[in-house]
Amino acid sequence: MLIQKVRLNDFRNFKTKLFEFSPKTTVIIGPNASGKTNILESLFLLSTGKSFHARVEEEMVNYDADLARVKGRVKTDGAVVDLETVLTRGFLDIGKSAPEKIAKKRLLVNGVGKRLIDFAGNFRVTLFGPWDLDLVTESPTLRRRFMDTVISQVDREYRRASLSYEKGLRQRNRLLLRIREEGISRSQLLFWNKLLVKNGDYISLKRQEFIDFANATQGLNTQKFELEYDKSAISEARLEQYTEEEVAAATTLVGPHRDDFCFFTEKKRDLSRFGSRGEQRMGTLWLKIAELEYIEHISGERPTLLLDDIFSELDDAHREVVMKTSNSQQTIITTADPHFTEKLKKLEKISLP
Ligand SMILES: Nc1ncnc2c1ncn2[C@@H]1O[C@H](COP(=O)(O)OP(=O)(O)OP(=O)(O)O)[C@@H](O)[C@H]1O
Ligand SMILES: [Mg+2]
């Protein structure tokens, strides 16, 4: 699948704007604050139904507007699919005395409203930006989010299980609090335990598979990395074993929401503790390439690669690796400095003012 074009209406700094993309490489060139990252965010939104960095989704609506629209056309084996997301602040002023309440987000495929789990997966991307370069050293939350973003792109059941798990977790934590504060019976926990174990099992299984896949991929040039899955196993027995502590803490202590993974170098050294900054960045680059290959392996197609201003962060040798990778699928690159992309072949340019 390829993204052909995207139309933005009141999305971030864009009032109305149409961008068209090459099936090969498109370079978006523009000074700081011209909206380069915002364009990639809009494509990520069409892919996943979510932002990769907004704290609240309303942030994506233009300051002066109440409704933002992102509409993209994706081509798959001859057919075209129109994907659309509509974001609002939860109400719309339509001239009546009180503003009308409406949904904060709508997702549509060919004009038909869809649930998140059915909207995602129609257009697959791998997004790589400077913020990813801290993946090795940053908090486990980021690494879990990374695994979720990758696997969710290719596995509807994973999307369903994750949503169900998150909801179940919130309910179970609320119940733990009520057991502690109001002394209600623990019997209700059983229902939530079962739900968490069922969905949690699937989530850990798929995370394990992704990590095994990454470990089987090639290293970067001469460097080899390895991941170790630090799994917080979930089972009814484990949940029961921790019940006392969970009630005291009013929070669920085991399960995939506590998962992590760590990076090791070839010599089995922990990359987050012993690696140089450069080596840690290379670890992330390696993992991003593994992500592309994993998505291709599962779905049969390479995702569109979105590179946000990444060249200025890498040294020559690794810039070269990224350039080479960009030839293998549709790639959209942003940069403030066009000189980094001079070596790329077959590229189309979009210039932002
Ligand atoms: N909701 C919004 N409404 C209007 N403008 C917004 C909104 N959210 C962000 N912006 C503006 O978008 C601009 C930033 O866009 P973006 O981050 O895409 O720029 P960029 O070209 O990637 O810049 P850089 O080269 O610094 O990374 C900022 O000037 C910011 O004020
Ligand atoms: Mg940017």
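Reading guide: rules and limits
Residues numbered from 1 in each chain as written. Chains lettered and ligands numbered in written order. Predicted model: local features only at pLDDT ≥ 70, side-chain atom pairs only at ≥ 80, totals over all residues. Heavy atoms only, no water. Helix = DSSP H or I, 4+ residues; strand = E, 2+ residues; numbered from the N terminus. Rg over C-alpha atoms; globule rule 2.2 N^0.38 Å. Buried < 20%, exposed > 50% of the residue type's maximum accessible area, 1.4 Å probe, protein only. Contact = heavy atoms within 4.5 Å. Areas by Shrake-Rupley, 256 points an atom, 1.4 Å probe, with all protein chains shown as cover. Lys, Arg positive; Asp, Glu negative; His and termini not counted. Charge placed at Lys NZ, Arg CZ, Asp CG, Glu CD. Near = heavy atom within 4 Å. Polar contact = N/O pair within 3.5 Å; in protein donor to acceptor, adjacent residues only side chain to side chain. Nonpolar A, V, L, I, M, F, W, Y, C, P; charged D, E, K, R; others polar. Pairing = 2+ DSSP bridges. Expected span 1.5 Å × (residues − 1).

J.: Please explain the overall build of the protein as it appears in this structure.
T.: Helix and strand content of the protein: 10 helices and 15 strands. For the protein, whose C-alpha radius of gyration is 22 Å, the value lies close to the compact-globule estimate of 20 Å for 353 residues. A buried classification covers 51% of the 353 residues belonging to the protein. Intrachain contacts of the protein at a sequence separation of at least 6 include 69% that bridge at least 24 residues. Carbon and sulfur atoms form 49% of the exposed surface of the protein, whose accessible area is close to 17100 Å². In the protein, 57 side chains carry a positive charge and 52 a negative one; their mean positions are 3 Å apart.

J.: What should I look at first to understand the site of ligand 1 in this one?
T.: Near ligand 1 you find 15 residues, and of these Asn 32, Ala 33, Lys 36, Thr 37 and Asn 38 are the closest. Between ligand 1 and Arg 12 there is a distance of 3.2 Å, counted from a nitrogen atom to a backbone nitrogen or oxygen. Between ligand 1 and Asn 38 there is a distance of 2.8 Å, counted from an oxygen atom to a backbone nitrogen or oxygen. Counted by class, the shell around ligand 1 contains 4 nonpolar, 7 polar and 4 charged residues.

J.: Just to check I follow, could you spell out the sheet that holds strand 9 (residues 112-113) for this structure?
T.: Two orientations exist for strands paired in a sheet by backbone hydrogen bonds: parallel and antiparallel. Pairing in this open sheet of 6 strands is antiparallel, and the strands run 2-1-4-5-8-9 from one edge to the other. The two strands at the open ends of the sheet, each matched to only one other strand, are strand 2 (14-20) and strand 9. One ladder, built from 10 bridges, connects strand 4 (residues 67-76) with strand 5 (residues 79-88); its direction is antiparallel. The residue bridging Arg 73 from the neighbouring strand is Asp 82, located in strand 5.

J.: Any chance you could explain helix 1 (residues 36-48) here in plain terms?
T.: Along an α-helix, residues three or four apart share an orientation, since each turn contains 3.6 residues. For helix 1, with 13 residues, the first-to-last C-alpha span of 19 Å sits near the 18 Å given by 1.5 Å per residue. Turning to helix 1, its buried residues are Lys 36, Asn 38, Ile 39, Leu 40, Glu 41, Ser 42, Leu 43, Phe 44, Leu 45, Leu 46, Ser 47 and Thr 48. Where helix 1 terminates, the next one or two residues include Gly 49, which has phi positive at roughly 75°.

These figures come from the coordinates and say nothing about function on their own.
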